[in-house]
Each structure stands twice: as C-alpha cells, then as structure tokens.
Amino acid sequence: MNARTPIALTIAGSDPSGGAGIQADLKTFSALGVYGTTILTALTAQNTHGVTGVLAVPADFIRLQAETLAADVAVTAVKTGMLGDAVTVDVVVELLKRFSFGPVVVDPVMVATSGDVLLAPDAIAAVRGRLVPLATLITPNINEAAWLLDAPVAQNLEEMQAQALRLVTQGAQAVLIKGGHHMGAEAIDVLATKDGVSHHTAPRIQTSNTHGTGCTLSAAITAELAKGETLLEAAVARAKAYLWKAIEAGCDLHIGTGCGPVDHLYPLRR
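All of these numbers come straight from a predicted model, not from anything done at the bench.

A. Broad picture of the packing of helix 3 (residues 86-98) against helix 4 (residues 121-131). For the pair helix 3 and helix 4, interaxial distance at closest approach is 8 Å and the crossing angle is 15 degrees. Judged by the inter-axis angle, helix 3 sits roughly parallel to helix 4. The chirality of how helix 3 crosses helix 4 is right-handed. Here Ala86, Val89, Asp90, Val93 and Leu96 of helix 3 come into contact with helix 4, specifically with Asp122, Ala123, Ala126, Val127, Arg130 and Leu131. Of the residues assigned to the contact of helix 3 with helix 4, the class counts are 8 nonpolar, no polar and 3 charged.

B. Layout of empty space enclosed by the protein. For the structure shown, the criterion picks out 2 cavities of 30 Å³ or more. Here the largest cavity is characterised by a volume of approximately 50 Å³. Contributing to the lining of the largest cavity are Arg128, Val132, Ile138, Leu148, Leu167, Gln170 and Ala172. Size it by volume and the second largest cavity reaches roughly 40 Å³. If you go around the second largest cavity, the residues you meet are Thr80, Gly81, Leu83, Val106, Asp107, Pro108, Val109, Leu119, Val127 and Leu131. Grouping the constituent residues of the lining of the second largest cavity by class yields 7 nonpolar, 2 polar and 1 charged.

C. Broad picture of the packing of aromatic side chains. This model, assessed by the stated rule, comprises 2 aromatic pairs. Where phenylalanine 99 meets phenylalanine 101, the ring centres are 5.7 Å apart and the plane angle is 35 degrees; that geometry is what we call tilted. Here the aromatic rings of tyrosine 242 and tyrosine 266 are separated by 5.7 Å at their centres, their planes lie at 25 degrees, and the arrangement is stacked. Of this pair, tyrosine 242 sits in helix 8 (residues 232-250) while tyrosine 266 sits in helix 9 (residues 266-269), and the two are 24 residues apart along the sequence.

D. Looking closely at the nonpolar core. Membership of the largest hydrophobic core comes to 49 residues, with the highest contact counts inside it found for Leu9, Ile11, Val89, Leu96, Leu131, Ile138 and Val175. Ranked by the residues each element gives to this core, the list is headed by helix 3, at 7 residues. Valine 89 has contacts with Leu83, Ala123, Ala126, Val127 and Leu131, leaving out every residue within four places of it along the chain. Listed in part, the 29 residues of the second largest apolar core include Leu32, Leu176, Ala235 and Tyr242.

E. The arrangement of helix 8 in detail. Between its terminal C-alpha atoms helix 8 stretches 26 Å, which fits the 27 Å expected from 19 residues at 1.5 Å a residue. Of the residues making up helix 8, those classed as buried are Leu232, Ala235, Val236, Ala239, Lys240, Tyr242, Leu243, Ala246, Ile247, Ala249 and Gly250.

F. Expanded view of the pairing of strand 2 (residues 35-46). Summarising the sheet, strand 1 (residues 7-14) and strand 2 pair through 8 bridges and their orientation is parallel. Among the inter-strand pairings, serine 14 is bridged to a residue of strand 2, identified as leucine 43. With helix 1 (residues 21-31) bridging strand 1 and its parallel neighbour strand 2, the resulting β-α-β unit is right-handed. Sheet topology note: the strand 2/strand 3 (residues 51-56) ladder contains 5 bridges and is antiparallel.

G. Quick look at the state of the cysteines. A complete count under the given rule lists 0 disulfides for this structure. Sulfur of cysteine 251: no disulfide; nearest cysteine sulfur belongs to cysteine 259 and is 12 Å away. Assessed through its relative accessible area of 30%, cysteine 251 is described here as partly exposed.

H. Up close: the side chain of aspartate 263. Among the secondary structure elements, aspartate 263 is positioned in the loop between helix 8 and helix 9. Classification of aspartate 263 by relative accessible area gives buried; the value is 9%. Residues contacting aspartate 263, with those up to four places away along its chain left out, are Ala246, Ala249, Gly250, Leu253 and Arg269.

Thresholds applied
- Residues numbered from 1 in each chain as written.
- Predicted model: local features only at pLDDT ≥ 70, side-chain atom pairs only at ≥ 80, totals over all residues.
- Heavy atoms only, no water.
- Axes fitted to C-alpha atoms, helices over the stretch in contact; angles between N-to-C directions.
- Helix = DSSP H or I, 4+ residues; strand = E, 2+ residues; numbered from the N terminus.
- Parallel < 35°, antiparallel > 145°, perpendicular 65-115°, else oblique.
- Left-handed = near helix turned anticlockwise from the far one by under 90°.
- Contact = heavy atoms within 4.5 Å.
- Nonpolar A, V, L, I, M, F, W, Y, C, P; charged D, E, K, R; others polar.
- 1 Å grid on protein atoms, 1.4 Å probe; cavity = no way out; pocket = protein on both sides within 12 Å on 5 of 7 lines; lining within 4 Å.
- Points joined across faces, edges and corners; volume = space filled by probe spheres on them.
- Phe/Tyr/Trp six-rings, centres within 6.5 Å; stacked < 30°, edge-to-face > 60°.
- Core = buried A, V, L, I, M, F, W, Y, C linked by side-chain atoms within 4.5 Å.
- Buried < 20%, exposed > 50% of the residue type's maximum accessible area, 1.4 Å probe, protein only.
- Expected span 1.5 Å × (residues − 1).
- Pairing = 2+ DSSP bridges.
- Right-handed = clockwise from strand over helix to strand, strands pointing away.
- Disulfide = S-S within 2.5 Å.

None of this, on its own, says anything about what the molecule does.
See the structure below:
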C-alpha cells in the first residue's frame, strides 16, 4: 500500500511580488517535500516596498473553495495567514470546524513587514476569541502577540515568555512568539505549551531581504506537521533551521529595490 502523500493547505492572501502570502507558502511546502494547496482569502497589490491595495475574497467564495477542495483532496495539515476582516475570520473558523484538515497553524497576520496593516481592528477580537482556540499552534511576532493580549510589546525575553504563557492560559494550545523584530546578535523565538517554555535560537543575519519571513516559518512548521511530525518542538526546530538557511541564501537575491524575499527554494538548487 502506498504511503499517504503529505498535503498542506494554506488559507491566506496573495502577494504578487512572491515573497509572502500563498506564494511563499507554496514554495516552502515544495522545498520541504510537501504538496501544497490553497484557499485564497484576499488579493493584494504589493511589491517589496509595501501594500497599495487589498481586495477581499467574498465569504461565499472562500467557502466554495474549501468545499470543492475537501470533496477531493485529503489535506494533512493547514495554516492560516492573512484573513483581513472579521467576516473572513468567521468563515475560516466555520470551515476549520467543518472539515478535517489535520493540525492547524494560525499565523495571525496583522501587519506586513513594510508596516502596512493587513487585519481590520474589529477582526482582532475574532481571531483571539474564535480562531486561536482551534489552533494546534499560533505563531505571532512580538507586535501581534501584544495586540492579541491588548498589552504593551514585549521588550525582552522574560516578557516574551510571560506573554506566550498568557496566550496559552487564554485558550491557545501552543504559542510560538517570534523574536525576529528584536535587535541583538541572536533571533530568539519562544515556544510555550501547557508543559512549559523552550527557546529556539539562531544567529541574526544582517540583511534587508526579510519580506515574508513570518509566512515562511509558519508554512515550514505546517509542512513538518503535514509529513506526520507530532512533536511541536521538533517541527519548530526544523522549520527555524530551514528559515535561517533561506534567509542566508536570500542575501544574494536581488529582487525589487525594497525589502526583498528570502530564498525559499534554496534546497532545490543546492
């Protein structure tokens, strides 16, 4: 009997510059040996400098995409990315309850690397109260964690740990707060579960090519879960190692004149 093909699903927005969103997710899935599928929630007009427009996909069509996909394809893990507004959050929550897509990774995308806002203020409460409790893991950066908690941004490792544990007590099964926005010699991410806290550390790479790093990390974790990894520690460790190498390889990319992407497909070229 043939082994089941690992299939990951990304429910997210499109980035025409290719560095973030579903484009980054699909490249990450492929690089890690997982078949990628998508449900599109929004179209964006953006490049390496920023976002100039957003067009939300109607809720009924998001639902139709999911129904059609689930009727035919056996997804083994799913991630959510840019959802945009409360209506979209609500329909995604409905779909995650309705269909068995496997482990759920929630990347609560609120602001792009460029600083452009990608989640309406009224949707933050929907993410916090309805989407987060469905997640196997949520992956906020330090700013997103603060918004989810309605608290100041963590200024050090101790405050990151405290906020990660607060998110667990408020309903998240597991939380990975990404520390890439902090300055320092190391990029430290904090993983918190009901069993405790651990740190995932990598040397900081000095580069401006960091567009889509949050999407890429959550997609890499989703890929590991799609392949059957059941230990979050292991999935996060492998995903972070992949992202670090993608950032390192991306230093040599010259795509656009702003904040460029990482090299998602470096494993296929080496």
